[in-house]
Amino acid sequence: MIRRVALLALAALLLVATAGQAQAAGYRYWSFWDRDGDQWVYATQGPSTARPSDGDVQGFRFSVSEDSGDAAQPRGTADFASICAKTPAEDGSKRVALVLDFGTAADAPSGETPPPPRTACARVSPDATTADTLATVADPLRYNTNALLCAIGDYPKSGCGEQVSDKQQPQNESAPPEEKTTENDDDGGPSVGLIAGAAAITALAAAGAWQARRRRNATD
């Protein structure tokens, strides 16, 4: 009985120790957002098919994220009146405010430095797509063969939606400091999982030894 309980405890501890170590891979890419009132909403169309209306605010953010559920939002001013204050309306055109956030140093590919975030007001034809609009204020743009937006303003210079390992993935900037933890310490010390596993094995060995002593005492 003691041995069975110890084995169950070992299994539970090992499951707890390893559960936090498995993380889905992140991807480094430009995410596309629409401004809805006072909040950002992840765009449901790509830049090449979306057609913003006059007065719309759209944003782009370069970062590493697992999917749209944890993608980082654009930072900075996101108000049409402020961004397009110096761009008067004209007949036969529309104005679209753009927020371009090139991300943080942690988001950047190796050897590259992100430009500072900026805003722009684009005056384009009424039927212009977001890609058309973006090209007027942030050229050169780069796309891959699947029409995925790879670079805005020539940033980054290479790569496109590449997978990033857990060790390379930046911490969530919106998380409180106490939540910014990694699974392995940089000094090469043992991981939490290894310590928990060793503790469980030690407990199992102690239980086995106790049971053996009990049996010897019973036969004496």
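Residues numbered from 1 in each chain as written. Predicted model: local features only at pLDDT ≥ 70, side-chain atom pairs only at ≥ 80, totals over all residues. Heavy atoms only, no water.

Chemist: Could you clarify how one ought to interpret the state of the cysteines in this entry?
Modeler: Such a bond, covalent and formed between the sulfur atoms of two cysteines, is termed a disulfide. Using the criterion set out here, one finds 2 disulfides in the structure. There is a disulfide in this structure between C84 and C121, and the S-S distance comes to 2.0 Å. In this structure the cystine formed by C84 and C121 twists about its S-S bond by roughly 100°; its chirality is therefore right-handed. Pair noted here: C84 is in the loop between helix 2 (80-83) and strand 4 (94-101) and C121 is in strand 5 (residues 118-124), with a separation of 37 residues, a long-range link. An identical accessibility class is assigned to C84 and C121; each is buried. Disulfide pairing places C150 opposite C160 at an S-S distance of 1.9 Å. A torsion of -70° about the S-S bond marks the disulfide between C150 and C160 as left-handed. Of this pair, C150 sits in strand 7 (residues 149-151) while C160 sits in the loop between strand 7 and strand 8 (163-164), placing them 10 residues apart in sequence. Residue C150 is classed as buried on the basis of its relative accessible area, which comes to 3%. Note on C160: relative accessible area 24%, which makes it partly exposed. (Disulfide = S-S within 2.5 Å. Helix = DSSP H or I, 4+ residues; strand = E, 2+ residues; numbered from the N terminus. Buried < 20%, exposed > 50% of the residue type's maximum accessible area, 1.4 Å probe, protein only.)

Chemist: Teacher, can you tell me more about the layout of surface pockets here?
Modeler: The gaps left among the atoms become clear once a water-sized probe is rolled over them. Estimated volume of the second largest pocket: approximately 180 Å³. Around the second largest pocket sit 14 residues that line it, and W30, F32, G46, P47 and L148 are the ones nearest its centre. Top contributing element to the lining of the second largest pocket by residue count: strand 1 (residues 26-36), with 4 residues. Within the lining of the second largest pocket, the residues separate by chemical class into 10 nonpolar, 4 polar and no charged. (1 Å grid on protein atoms, 1.4 Å probe; cavity = no way out; pocket = protein on both sides within 12 Å on 5 of 7 lines; lining within 4 Å. Points joined across faces, edges and corners; volume = space filled by probe spheres on them. Nonpolar A, V, L, I, M, F, W, Y, C, P; charged D, E, K, R; others polar.)

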